[in-house]
Protein chains: 6
Amino acid sequence: MISPNVETFIGCDSSYRAADIVLYGAPFDSTTSYRPGARFGPSAIRHESFGLETYSPYQNADLTDFDIFDSGDLELCFGSSEAALADIEARASEILHDGKLPLLLGGEHLVTLGAVRAVAEKYPGLHIIHFDAHADLRDDYLGAKLSHACVLRRCHEIVGDGRIHQFCIRSGERAEFEFAAQHTEMHKFGFTGLAELTEQLCATKEPVYLTIDLDCLDPSCFPGTGTPEAGGVSFLQLLDAIRTVSKANIVGADLNELAPMLDISGVSTATACKVLRELLIALDKGWPGFQV
Amino acid sequence: MISPNVETFIGCDSSYRAADIVLYGAPFDSTTSYRPGARFGPSAIRHESFGLETYSPYQNADLTDFDIFDSGDLELCFGSSEAALADIEARASEILHDGKLPLLLGGEHLVTLGAVRAVAEKYPGLHIIHFDAHADLRDDYLGAKLSHACVLRRCHEIVGDGRIHQFCIRSGERAEFEFAAQHTEMHKFGFTGLAELTEQLCATKEPVYLTIDLDCLDPSCFPGTGTPEAGGVSFLQLLDAIRTVSKANIVGADLNELAPMLDISGVSTATACKVLRELLIALDKGWPGFQV
Amino acid sequence: MISPNVETFIGCDSSYRAADIVLYGAPFDSTTSYRPGARFGPSAIRHESFGLETYSPYQNADLTDFDIFDSGDLELCFGSSEAALADIEARASEILHDGKLPLLLGGEHLVTLGAVRAVAEKYPGLHIIHFDAHADLRDDYLGAKLSHACVLRRCHEIVGDGRIHQFCIRSGERAEFEFAAQHTEMHKFGFTGLAELTEQLCATKEPVYLTIDLDCLDPSCFPGTGTPEAGGVSFLQLLDAIRTVSKANIVGADLNELAPMLDISGVSTATACKVLRELLIALDKGWPGFQV
Amino acid sequence: MISPNVETFIGCDSSYRAADIVLYGAPFDSTTSYRPGARFGPSAIRHESFGLETYSPYQNADLTDFDIFDSGDLELCFGSSEAALADIEARASEILHDGKLPLLLGGEHLVTLGAVRAVAEKYPGLHIIHFDAHADLRDDYLGAKLSHACVLRRCHEIVGDGRIHQFCIRSGERAEFEFAAQHTEMHKFGFTGLAELTEQLCATKEPVYLTIDLDCLDPSCFPGTGTPEAGGVSFLQLLDAIRTVSKANIVGADLNELAPMLDISGVSTATACKVLRELLIALDKGWPGFQV
Amino acid sequence: MISPNVETFIGCDSSYRAADIVLYGAPFDSTTSYRPGARFGPSAIRHESFGLETYSPYQNADLTDFDIFDSGDLELCFGSSEAALADIEARASEILHDGKLPLLLGGEHLVTLGAVRAVAEKYPGLHIIHFDAHADLRDDYLGAKLSHACVLRRCHEIVGDGRIHQFCIRSGERAEFEFAAQHTEMHKFGFTGLAELTEQLCATKEPVYLTIDLDCLDPSCFPGTGTPEAGGVSFLQLLDAIRTVSKANIVGADLNELAPMLDISGVSTATACKVLRELLIALDKGWPGFQV
Amino acid sequence: MISPNVETFIGCDSSYRAADIVLYGAPFDSTTSYRPGARFGPSAIRHESFGLETYSPYQNADLTDFDIFDSGDLELCFGSSEAALADIEARASEILHDGKLPLLLGGEHLVTLGAVRAVAEKYPGLHIIHFDAHADLRDDYLGAKLSHACVLRRCHEIVGDGRIHQFCIRSGERAEFEFAAQHTEMHKFGFTGLAELTEQLCATKEPVYLTIDLDCLDPSCFPGTGTPEAGGVSFLQLLDAIRTVSKANIVGADLNELAPMLDISGVSTATACKVLRELLIALDKGWPGFQV
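Residues numbered from 1 in each chain as written. Chains lettered and ligands numbered in written order. Predicted model: local features only at pLDDT ≥ 70, side-chain atom pairs only at ≥ 80, totals over all residues. Heavy atoms only, no water.

K.L.:
Before we go on, may I ask you to explain the overall build of chain A in this structure?
P.N.:
When helices and strands are counted, chain A shows nine helices and ten strands. Taking 292 residues into account, the globule formula puts the C-alpha radius of gyration at 19 Å, and chain A, at 17 Å, falls close to it. Seen through its C-alpha atoms, chain A measures out along the principal axes to roughly 60 × 40 × 35 Å. The long-range share in chain A, meaning contacts at least 24 apart out of those at least 6 apart in sequence, stands at 78%. Counting every atom, chain A has about 8,800 Å² of accessible surface; 49% of that belongs to carbon and sulfur. For chain A, the distance from the average position of its 22 positive side-chain charges to the average position of its 42 negative side-chain charges is 2 Å. (Helix = DSSP H or I, 4+ residues; strand = E, 2+ residues; numbered from the N terminus. Rg over C-alpha atoms; globule rule 2.2 N^0.38 Å. Contact = heavy atoms within 4.5 Å. Areas by Shrake-Rupley, 256 points an atom, 1.4 Å probe, with all protein chains shown as cover. Lys, Arg positive; Asp, Glu negative; His and termini not counted. Charge placed at Lys NZ, Arg CZ, Asp CG, Glu CD.)

Pasting the structure below:
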């Protein structure tokens, strides 16, 4: 009997029931103000992953050693941010309810808000660790409160002062940097301070949401994103940061802002695939604690 | 004294006061469901027009013979269709109020709705002539009423049955074609019937809004659009249609759905520039009646 | 319960059991001598089909009216043509054995040989109708007997003289045209003669295999192929030809030589999707006779 | 003994001594005012010709039946038009002196002037047949007399009134069209009048220089050129025109304005290769008369 | 009243009268010997700057804190280097005469010569600090004295021995390196020695012209340039160098050799925008001393 | 007398007889499993080298100081790996027989096997130094023993345990890393250990074959390759490694896996050209010892 064509991120063919981690895609970029295309990120990552090895020589582990389920992309409404966020939140809540870790693939960075709403509801006292070139702390953007440029500001309204930890930030309005000085913990340009932060969070076992805007990477290794910002971190620095932070009690995560059509060499998509592989392995390695 | 850098569509450097026709750009594509990028259309047309001659051998006329003003792009809110439409409507109303013809450069096709609202308010009994590959007659698209795929349906709610005349249509859901059979005048695949229609409209001098989705063109000559549909009309057929229809009492118009980044050869942008030149000349030739 | 990510050509989500037509992809292009990339054709067609309507205004029918199953891509061995052909033949045989029509998506044109071997075994006296820019009648190509440039020559060894009907041919060595004059029915440049041929084949109800190399299309509307040849047919001419030929007793078919990366505008892939939609509808309309 | 890497246009490997026709490339585009890149035209044509068949089904002839020599590209000075033209003229004169037909591959259209100077010196009473989208009749362009936009104007200064025959023209300043009305024979948009002209020229056996700006082709089939102009002729129409005009007494020719990097699909280069094949065959078929 | 479309580099909307720094573009690349396209650099920088923040977290300053005027692009003659240089020199002289700092956007590197002529006339004893991958010290290039490859050699004829300070050089003919050993101060590969040099120049307050060929950057972060040379400096190293050198008495500057079409990801243009923002802020911070 | 168009890598125009090093191209990529295109590598390197200087400031030497011959590309059979390898082996053997160093330009990495067969036959006890992102140690790939993914495994069958020295490896199946632990000397991620190895090999003067898969470079500086792997070495690290290893007794070498079409910015090809220049100079500097 010939079977239909199932397409998942490579090595993520566990059943939903057995899975520790559940991937879900949010192909949405309606509020992107500069160059759109992040909507195509999750399907590109899934599709191009067949060129990736499941084995990581960095962590000496293999994706096939773990139980991961890829639930494909949500079908989201273009033109209504609120409707899209509601759908994302519902999916994240369902995964959390089933005792699994939701890993969201964006889309533009606004999608994080849907996931954070669900995670913060389950985990009061949530911390957010944020890797990004942009502060994303505007109060509104051309009048819109729900915009990629405001997403961490909206998250701040949920989790409060001192619970958002920003790394690699190198772009924003002056007012955003001033807001950060008051309300978030911002580490400009790189990952300085991440090890110390993780140590503290490990000590307290507080729940952490990890949001990775791939434009934290330098455009030399990741040109395929809507607003590339020179002066970013390297792939190996990001890998290091992921392995560091994965020791904390991560209860939700996302990876976003790959706009695959902007880099026709395919390198950005291939790099996103590898970041996702490393992230999945790092998260799943720490997962047994979660099951307790 | 050195002057600042003014950038207009070539040959459109009249003062606003003197102008018969006013160009205004709507760089918006938030509801585009497939491939975005039409937001970059108006500025690309303006920028690349410096490679265009102002003289048309087709109409033996020169853009510099006419008084046209290019007001640049509106700054629209991404992520809120209603806010964007309101801004477009306001600009169109202002131009109409000043006794000039508003010519809108999209952007995705939804922008037409803002202009039609303004024009229909000034001109009761408005007809809409619609060149497009797509019927754009859905009632909603993934829940959104304000979507490029619904724009003519929304326009129908304004102008009513029998006043929308569609040409070149070759794509849509079955339900859209059924709706058209009841409520609009749809001419599939090409311009058959346009000459007769124009003759009737000339006889009655009824006001007409002309909306041109550039994807009515065959993708061979216009690949740079979000949803290219094989089997379209040629550039010369479109030129012919524009000259034909310009004899009617056109009181507003738009040109939309160029997504310049999707055609890196630049041909689509160059072709859009030439269509705009021919449209401006054709409209302005018939303009004297307007000045009465 | 969240379900996994099934990806099919749009509207082809019948069960295998219920299906009349079964799609299967052969992502192979190892013998391509000029520009490779046809290996990515079937997955691109499947993936990009989500931008396509299921309804055809040309045939006033909808893909969802029919029972079609998409079995995804075979996993073929690069570097061994014989192994790849054996896998294709096995899949075609299985589909034929189950009383369904196998519709192969290439890949380079050599993949046709695998399908023809299976179909000719079930249907003695098979005719082949061949739409292509290239004669593909070389005896060998740089020493290889199994090459895209030789595929109709190999098919001729199976079906014999007078049973291969070639259309749109406009490229080849002089020796291929001489071979055609002796052994095949070649119609250069276009579809002249196709209606007459179909009439004859309908009269006799002889079984027909239809192989469509998409490079029969003019490069203006289909640049995304390994060896584009100026002077081809238009999309509408190809549609016409498909509707004509579908009246014959088609027992197997293929569509090949889309190399999506060579046309980054996406037009070629979108056009291939539409050709496939029209082909599926045309074939399935005539299918009831098959079920007898 | 291993031999060095000789690269010629396919099938053009005659010795210089034996050759009837000599190809020479002029990789120059310094005066291009819009999008440069024609400098890469001749080497791209030569390089990509290995994907072309030497046999023409249109003329039932094979490049290998003729004696053609490809002398490669001249090394021209960027930034000095006069120096470049002098080098082109010298090469053309040498080829003419040796009793062979010089066929120049541009480069931007200005290169024609170098060849015409040489040919007109040998052949008083020279006619020029000019296929182009652009009139190229400006007296100067931003102060430069030696510009691609002025090349036919400069040629007119050499050959005089009534001896330049222009076809396919669809772009230029009003003043150029007015100049043409007085001094050249301009046929707008297509090839109307070419057959009659050729007949007259055949009757008188007057010498003819043929200059083909490939942008006479519609951008749908030839996007890879600096200033694409919608509304051009098709590949088959150009082929027809070449076969028609080749019956006249052609004593020099050129093919120019392919800018290969502007069409990364490769179709424009492939099409230019095929136009060159057909031109070479058409010219060489008529060549015996020349040898008398 | 609707106003016309003014387009400037972001945050540079001072009046000319009030401005300290005046931007002027030189869209010229006629002598580029390899890959042209730098002509499109200045308009791309201006156009894409709308995706840039005006605030610099590196210098904790905002473009809008300063008075900068963008005068747009000069209209230069293609094909005549001398005419283009004269126009550039005239514009630079006018800006200098008005007591402002001229900041030139190229274009190919030859444009620097026009500016240096004007600056050296006003400031005898001028030093030139030169960031570039290429020595640009040829005496002529294929016979042309006015060529991008000769521009620093021509500048040397103006300022004399020991006054040209070259950094990041990693490509050139052997003879250029030999010339440098005798006549310029060349620092190969990077910025070693820049801090010491700046200290000396600050001590003497000698006037300095700063010319930045963006190809000093590594092609990984700046692929969009005519002749990319592996082994360059990083963006952060360049930023550092700019801040260092800006302490000297800079009286004129330029930024050149962005060829935006060669990097369709847009990263090179975005990076050039950010380099320009940082350069403007660094220069303007030191400006008050100039006004004395 | 006008001469034909000879095209070589820049500065490699020695006669075969006089040459120390002979370049030969293997435009083959039939077994590439992911993205093909390496077949175009050698001709792109040769063609684009005209934009490269022959002088190396890194080694203070000039290609024109040495005797190098470029024999162009072999004409290989697509679709038969064994036939292609036999042709490569024959060419390598001929060059070795004539006392010259064969330097192979791939093509996919499988081509190395042909060269290694020839070199190992002449030089028993051969060592292989292997720079690559991938281990290439699979026993078979989808059933094929002759695959790019298996090439070092096949080489191991020739040279045996402990004679393959792998550097920069960062991708592979777990089983390949396990194989390496037993049978090769694998240095993950970078060049650690290369200096020590070279010292040992210099001491023993054992013959060494050097195979460089350009994907050892980080994709930021070399995106134009079939399977880019983030986390690679920099251009300057590779240069260093080449200069280090060239002190050993290198008796054959190759450079492969440039797929030029995948990086339309041209940076990858330009970088490959520079790597080849540096490799040629480094190898030829050590060559006199070879001639003894």
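K.L.:
Explain helix 6 (residues 194–204) of chain D here, please?
P.N.:
An α-helix turns once every 3.6 residues. As a result, residues three or four positions apart point the same way. Residues and elements named next belong to chain D. Of all the residues in helix 6, the buried ones are Leu194, Leu197, Thr198 and Leu201. All buried residues of helix 6 project into a common sector of 100° when viewed along the axis, lining one side. In helix 6, the exposed positions that point more than 90 degrees away from the buried face belong to Glu199, Gln200 and Ala203. Elements in contact with the buried residues of helix 6: strand 6 (127–131), strand 7 (164–169), strand 9 (207–213) and helix 7 (235–245). (Buried < 20%, exposed > 50% of the residue type's maximum accessible area, 1.4 Å probe, protein only. Arc of directions from axis to C-beta.)

K.L.:
Can you walk me through the relation of the copies chain A and chain E in this structure?
P.N.:
The relation between the two chain copies is a rotation about an axis coupled with a shift along that axis. Aligned on chain E, chain A shows an RMSD of 0.0 Å; the corresponding rotation is 120° and the shift along the axis is 0.0 Å. Taken together, the rotation angle and the small translation identify this as a three-fold axis. The C-alpha atom lying nearest the rotation axis in chain A is that of A:Ser220; the distance is 2.9 Å. A different interface surface on each copy is seen, since only 9% of the contact residues of chain A are contact residues in chain E too. (Least-squares fit on C-alpha atoms with pLDDT ≥ 70 in both.)

K.L.:
Looking at this structure, I do not really get the sheet that holds strand 1 (residues 21–26) of chain B. What am I missing?
P.N.:
Sheet strands pair via backbone hydrogen bonds, and the direction of the pair is either parallel or antiparallel. Residue and element names in this part refer to chain B. Spatially, eight strands are ordered 4-1-5-10-9-6-7-8 in an open sheet, and the strand pairing comes out parallel. With one partner strand each, in any of the chains shown, strand 4 (68–73) and strand 8 (185–188) form the two edges of the open sheet. Along the sheet, successive strands turn relative to each other by an average axial angle of 15°, direction set aside. Sheet analysis places strand 1 next to strand 4, joined by four bridges and oriented parallel. From the neighbouring strand, Leu23 faces strand 4, where its bridge partner is Asp70. Against the sheet, helix 1 (residues 41–48) touches strand 1, strand 4 and strand 5 (101–106), its axis set at about 130° to strand 4. Set on the sheet, helix 4 (residues 151–159) makes contact with strand 6 (127–131) and strand 7 (164–169); between it and strand 7 the angle comes to about 160°. (Pairing = 2+ DSSP bridges. Axes fitted to C-alpha atoms, helices over the stretch in contact; angles between N-to-C directions.)

K.L.:
Could you clarify how one ought to interpret the side chain of D:Ser56 in this entry?
P.N.:
Residues and elements named next belong to chain D. Checked against the element boundaries, Ser56 lands in strand 2 (residues 55–56). Of note is the side chain of Ser56, whose polar atom sits 3.0 Å from the backbone nitrogen of Gln59. Here the side chain of Ser56 touches Glu278 through a polar contact of 2.7 Å, side chain to side chain. Once residues within four sequence positions are removed from consideration, Ser56 is found in contact with Ala61, Arg277, Glu278 and Ile281. (Polar contact = N/O pair within 3.5 Å; in protein donor to acceptor, adjacent residues only side chain to side chain.)

K.L.:
Explanation requested: the interface of chain A and chain E in the structure shown.
P.N.:
Accessible area lost upon the coming together of the parts serves often as the stated size of an interface. The interface of chain A with chain E comprises 22 residues on the first partner and 22 residues on the second. Across the chain A/chain E interface, buried area totals approximately 1,800 Å², and carbon plus sulfur atoms make up 56% of it. Applying the counting criterion to the chain A and chain E interface returns three salt bridges. Between A:Arg138 and E:Glu53 there is a salt bridge, with the nearest N and O atoms lying 3.0 Å from each other. For the pair chain A and chain E, the interface holds five residue pairs in polar contact (both at pLDDT 80 or more). Residue classes in the side of chain A that touches chain E are distributed as nine nonpolar, five polar and eight charged. (Buried area = accessible area lost by both parts, 1.4 Å probe. Salt bridge = Lys/Arg side-chain N within 4 Å of Asp/Glu carboxyl O. Nonpolar A, V, L, I, M, F, W, Y, C, P; charged D, E, K, R; others polar.)

K.L.:
Mind showing me how you'd approach the interface of chain A and chain B here?
P.N.:
Across the boundary between the two partners, chain A contributes 22 residues, which contact 22 residues of chain B. Taking both sides of the interface into account, the surface hidden between chain A and chain B amounts to around 1,600 Å²; carbon and sulfur atoms contribute 64%. At the junction of chain A and chain B, the tally comes to zero salt bridges. Counting the contacts that link chain A with chain B gives five residue pairs in polar contact (both at pLDDT 80 or more). Partitioned by chemical class, the residues of the side of chain A that touches chain B number eleven nonpolar, seven polar and four charged.

K.L.:
For this particular structure, what's the right way to read the sheet that holds strand 9 of chain D?
P.N.:
Residue and element names in this part refer to chain D. If you trace the eight strands from one edge of the open sheet to the other, you get 4-1-5-10-9-6-7-8, paired in parallel fashion. The open sheet has two edge strands, strand 4 (68–73) and strand 8 (185–188), and neither has a second partner. On average, each strand axis in the sheet is tilted by 15° relative to the strand beside it, whichever way the strands run. Across four bridges, strand 7 lies against strand 8 in parallel orientation. Directly across from His165, in strand 8, lies its bridge partner Glu185. Taken strand by strand, helix 7 contacts strand 6, strand 9 and strand 10 (249–256), and its axis lies near 170° from that of strand 6.

K.L.:
What's the story with the pattern of salt bridges in this structure? I'm lost.
P.N.:
Once their charged atoms are close, side chains differing in charge can pair, the charge on each being opposite to the other. Across all of its chains, the model carries 90 salt bridges over all chains by this definition. A salt bridge links F:Glu176 to F:Arg138, with the shortest nitrogen-to-oxygen separation between them at 3.4 Å. A residue pair is termed long-range when its members are at least 10 positions apart, and F:Glu176 in helix 5 (residues 174–183) and F:Arg138 in the loop between strand 6 (127–131) and helix 4 (151–159) qualify at 38 residues. With respect to class, F:Glu176 is no different from F:Arg138; both count as buried. Residue F:Asp240 is joined to F:Arg243 by a salt bridge in which the shortest nitrogen-to-oxygen separation is 3.1 Å. With F:Asp240 and F:Arg243 both in helix 7 (residues 235–245), this residue pair falls three residues apart, about one helical turn. A residue is classified by how much of its surface remains accessible, and F:Asp240, at 45% relative accessible area, is partly exposed. One network of salt bridges, in which partners are shared, links A:Glu53, F:Arg138, F:Glu173 and F:Glu176.

K.L.:
What is the right way to read the pairing of strand 7 of chain B from this model?
P.N.:
Taken residue by residue, a regular strand's side chains alternate between the two faces of the sheet. Residues and elements named next belong to chain B. Within strand 7, six of the six residues are buried, leaving the element largely enclosed by the surrounding structure. Both strand 6 and strand 7 contribute to a ladder of four bridges, which runs parallel. Note on strand 7: the bridge partner recorded for Phe131 is Phe167. For the handedness criterion, the β-α-β arrangement of strand 6, helix 4 and strand 7 is classed as right-handed. In this fold, the crossover linking strand 7 to strand 8 by way of helix 5 (residues 174–183) has right-handed handedness. (Right-handed = clockwise from strand over helix to strand, strands pointing away.)

K.L.:
Explanation requested: the environment of F:Ala83 in the structure shown.
P.N.:
The residue F:Ala83 is located in helix 2 (residues 81–97) in this model. F:Ala83 sits 59 residues away from F:Leu142 along the chain, and the two C-alpha atoms are 20 Å apart.

K.L.:
I keep staring at the packing of helix 1 (residues 41–48) of chain C against helix 8 (residues 267–285) of chain C and nothing clicks. Help me out?
P.N.:
Helices that pack against each other are described as a pair by the angle of their axes relative to one another and the distance between those axes. Residue and element names in this part refer to chain C. In the contact formed by helix 1 and helix 8, the axes pass within 9 Å of each other and the chain directions differ by 80°. Classed by the angle they form, the pair helix 1 and helix 8 counts as roughly perpendicular. Residues Ala44, Ile45 and Glu48 of helix 1 lie in contact with helix 8, whose contacting residues are Thr269, Ala272, Cys273 and Leu276. Across the contact of helix 1 with helix 8, the residue classes tally to five nonpolar, one polar and one charged. (Parallel < 35°, antiparallel > 145°, perpendicular 65-115°, else oblique.)

K.L.:
Mind showing me how you'd approach the packing of aromatic side chains here?
P.N.:
Any two aromatic rings considered together are summarised by their centre-to-centre distance and by the angle between their planes. Scanning the entire structure with this criterion turns up 54 aromatic pairs over all chains. With a centroid separation of 6.1 Å and 10° between ring planes, the pair formed by E:Phe28 and E:Phe78 is classed as stacked. Here E:Phe28 is found in the loop between strand 1 (21–26) and helix 1 (41–48), whereas its partner E:Phe78 is found in the loop between strand 4 (68–73) and helix 2 (81–97), with 50 residues between them in sequence. For the pair shown, E:Phe28 and E:Phe78 are each scored as buried. Here the aromatic cluster, defined as three or more aromatic residues joined through ring pairs, consists of A:Tyr58, A:Phe235 and F:Phe189. Looking at A:Arg153, its charged tip hangs above the ring of A:Phe179, at a distance of 3.9 Å from the centre. (Phe/Tyr/Trp six-rings, centres within 6.5 Å; stacked < 30°, edge-to-face > 60°. Lys NZ or Arg CZ within 6 Å of the ring centre and 35° of its normal.)

K.L.:
I keep staring at the UniProt feature "binding site: Mn(2+)" (unreviewed entry) in chain A and nothing clicks. Help me out?
P.N.:
Residues and elements named next belong to chain A. When the UniProt feature table is mapped onto this chain, "binding site: Mn(2+)" (unreviewed entry) is found at His109, Asp132, His134, Asp136, Asp213 and Asp215. A maximum C-alpha distance of 12.3 Å among these annotated residues, which run over 107 residues, shows that they cluster at one spot. Mapped onto the elements of the fold, His134 is located in the loop between strand 6 (127–131) and helix 4 (151–159). Residue classification places His134 among the buried residues on the basis of a relative accessible area of 11%. Among all residues touching His134, those that are not within four sequence positions of it are Ile169, Ser171, Asp215, Thr227 and Glu229. Its place among the elements puts Asp136 in the loop between strand 6 and helix 4. The class of Asp136 is buried, set by a relative accessible area of 6%. (UniProt positions renumbered as here; feature names shortened; annotations may be inferred.)

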